[in-house]
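# Survey of secondary and tertiary structure
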Amino acid sequence: MKISAVIVEDSRLARNELKELIKKYPEVEILGEAENVDQGFELIQSQKPQLLFLDINMPEKDGFELLEMLDEVPITVFTTAFDEYAIKSFEYNALDYLLKPVSEKRFAQALEKVKKQLLSASEASQAPQRLTEHSQIFIKDGESCWLVKIGDISHFEIVGNYTRVFFEDKKPMLYKSLNQIEEKLPQHCFFRANRQQMVNTNFIASVVPWFNGKLKLQMGNGEEIEVSRRQSYIFKDRMSL
């Protein structure tokens, strides 16, 4: 299995140490390296790596700000010299974190996690125009951050100019419009129920006939979503109801 990777790290010494560790794994191909967030963003946008080694504490902008800039986040392994950041990043659902200086044993363990995640995900030979259910997005709402798989999101809801994202028992705000998000979502499992809401059809527990030809969706998390009359016809046809 070939794994394409990039390194975003402000310390040249730390970048070199990582590259030395990676040399022992010929299956990992380094597509490039960057020393700050803006360079890292350009590199990720152009190269579309599967794996990102990301320093958290960098000057001007930190690693979390880089993730927030991306529409789709690669598998991310945080690197940090600060233990409090390491624990924090692990809580944010990064695949793993490596505490500097990185030991060979910890690096090997992190790489095994990467391989398992890549095997479980649907891989395409080229980066898809749309996200897949296995794609990750980064959400930062106040002091809280999450890396969330698209397939784990039950629905989206417009709040003013932004969008609320529902997954597990969380409801953070994503600072993008629902129209922007809809353009990227996999069409086979996401459906625009009405002007305000888009649902993941995999989370629909039941469909209830409603008045004036409308439908009401009972979601697995207990939420109820009303489908507009126009969208109800489309939904019935799509779901063969």
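The structure under discussion appears in the preceding block.
For the structure given in this document, a descriptive report is provided here. (Residues numbered from 1 in each chain as written. Predicted model: local features only at pLDDT ≥ 70, side-chain atom pairs only at ≥ 80, totals over all residues. Heavy atoms only, no water.)

### Examining the overall build of the protein chain
To keep it simple, the criterion reads: Put simply, DSSP marks the helices as runs of H or I at least four residues long and the strands as runs of E at least two long, and each gets a number from the N terminus on. Buried means the residue's accessible area, taken with a 1.4 Å probe over protein chains only, is under 20% of the maximum for its type, while exposed means over 50%, and partly exposed covers the values in between. All accessibility values rest on the Shrake-Rupley procedure with a 1.4 Å probe; residue burial counts only the protein chains present in the view.
A tally of regular secondary structure across the protein chain gives 7 helices and 15 strands. Across its three principal directions, the C-alpha atoms of the protein chain cover 65 × 35 × 30 Å. When burial is assessed residue by residue, the protein chain has 44% of its 241 residues classed as buried. Split by element, the accessible area of the protein chain, about 12700 Å² in all, is 48% carbon and sulfur.

### Brief notes about the pairing of strand 12 (residues 197-200)
Note the threshold: Here, a strand pair is defined by DSSP locating no fewer than two bridges between the strands.
Covered by surrounding structure in strand 12 are Gln 197 and Val 199 together with Met 198 and Asn 200, the residues of both alternating faces. When strand 11 (residues 190-192) meets strand 12, the two strands line up antiparallel, connected through 3 bridges. Paired with Arg 192 across the bridge in strand 12 is Met 198. Connecting the antiparallel pair strand 11 and strand 12 is a turn made up of 4 residues.

### A look at the pattern of salt bridges
Put simply, the rule reads: Only one rule defines a salt bridge in this text: a Lys or Arg side-chain nitrogen within 4 Å of an Asp or Glu carboxyl oxygen.
Overall, the coordinates contain 17 salt bridges when judged by the stated rule. Lys 23 is the partner of Glu 20 in a salt bridge, and the nearest nitrogen-oxygen pair spans 2.9 Å. The class for Glu 20 is partly exposed, based on a relative accessible area of 46%. In this structure Lys 23 comes out as exposed when scored by relative accessible area, which is 61%. Through salt bridges that share partners, Glu 9, Asp 55 and Lys 100 make up one connected network.

### What to know about the nonpolar core
The test is simple: Buried residues of nine kinds, namely Ala, Val, Leu, Ile, Met, Phe, Trp, Tyr and Cys, make up a nonpolar core once their side-chain atoms join them within 4.5 Å. Every residue pair with non-hydrogen atoms within 4.5 Å of one another is taken to be in contact.
Among the nonpolar cores identified, the biggest contains 21 residues, and Val 8, Leu 52, Leu 54, Leu 66, Leu 67, Phe 78 and Phe 138 are the most heavily contacted of them. Top contributing element to this core by residue count: helix 2 (residues 37-47), with 4 residues. Non-local contacts of Phe 138, meaning those with residues more than four positions away in its chain, are made with Phe 64, Leu 67, Glu 68, Val 73, Cys 145, Trp 146, Leu 147 and Leu 174. Counting 19 residues, the second-largest nonpolar core is a separate cluster that includes Leu 21, Phe 53, Val 102 and Val 114.

### As for the sheet that holds strand 2 (residues 28-34)
Applicable threshold: Axis angles are defined between N-to-C directions and span 0 to 180 degrees, where every axis is a line fitted to C-alpha atoms and, for a helix, only to the segment in contact.
Read across the open sheet, the 5 strands follow the order 2-1-3-4-5; overall the sheet is parallel. With one partner strand each, in any of the chains shown, strand 2 and strand 5 (96-99) form the two edges of the open sheet. Along the sheet, successive strands turn relative to each other by an average axial angle of 20°, direction set aside. Sheet analysis places strand 3 (residues 51-55) next to strand 4 (residues 75-80), joined by 5 bridges and oriented parallel. Note that in strand 4 the partner of Leu 51 across the bridge is Ile 75. Sitting on the sheet, helix 1 (residues 12-22) touches strand 1 (3-8), strand 2, strand 3 and strand 4, and the angle it makes with strand 2 is about 170°.

### Concerning the layout of surface pockets
Applied cut-off: Buriedness for pockets is judged along seven lines, at least five of which must meet protein on both sides within 12 Å for an open set on the 1 Å grid over protein atoms alone, while cavities are sets there where a 1.4 Å probe fits but cannot get out, and lining residues have an atom within 4 Å of a point. Grid points are joined across faces, edges and corners, and a volume is the space filled by probe spheres set on the points. Basically, the charged four are Asp, Glu, Lys and Arg, the nonpolar ten are Ala, Val, Leu, Ile, Met, Phe, Trp, Tyr, Cys and Pro, and anything else, Gly included, counts as polar.
Within this model, the second largest pocket holds a volume of roughly 290 Å³. In terms of residue count, strand 6 (residues 136-141) provides more of the lining of the second largest pocket than any other element does, 4 residues in total. Within the lining of the second largest pocket, the residues separate by chemical class into 11 nonpolar, 1 polar and 6 charged.

### Remarks on the sheet that holds strand 13 (residues 204-209)
Across a sheet, paired strands are connected by hydrogen bonds in the backbone, their directions being either parallel or antiparallel. Spatially, the 3 strands line up as an open sheet ordered 13-14-15, and their pairing is antiparallel. If you trace the sheet from one side to the other, it starts and ends with strand 13 and strand 15 (224-227), each paired once. Neighbouring strand axes in the sheet, compared pairwise and without regard to direction, differ in orientation by 25° on average. Pairing of strand 14 (residues 215-219) with strand 15, which is carried by 4 bridges, proceeds in the antiparallel orientation. Bridging from a neighbouring strand, Leu 217 pairs with Ile 225 of strand 15. Strands in contact with helix 7 (residues 229-239) are strand 13, strand 14 and strand 15; relative to strand 14, the strand with the most contacts, it is inclined by about 70°.

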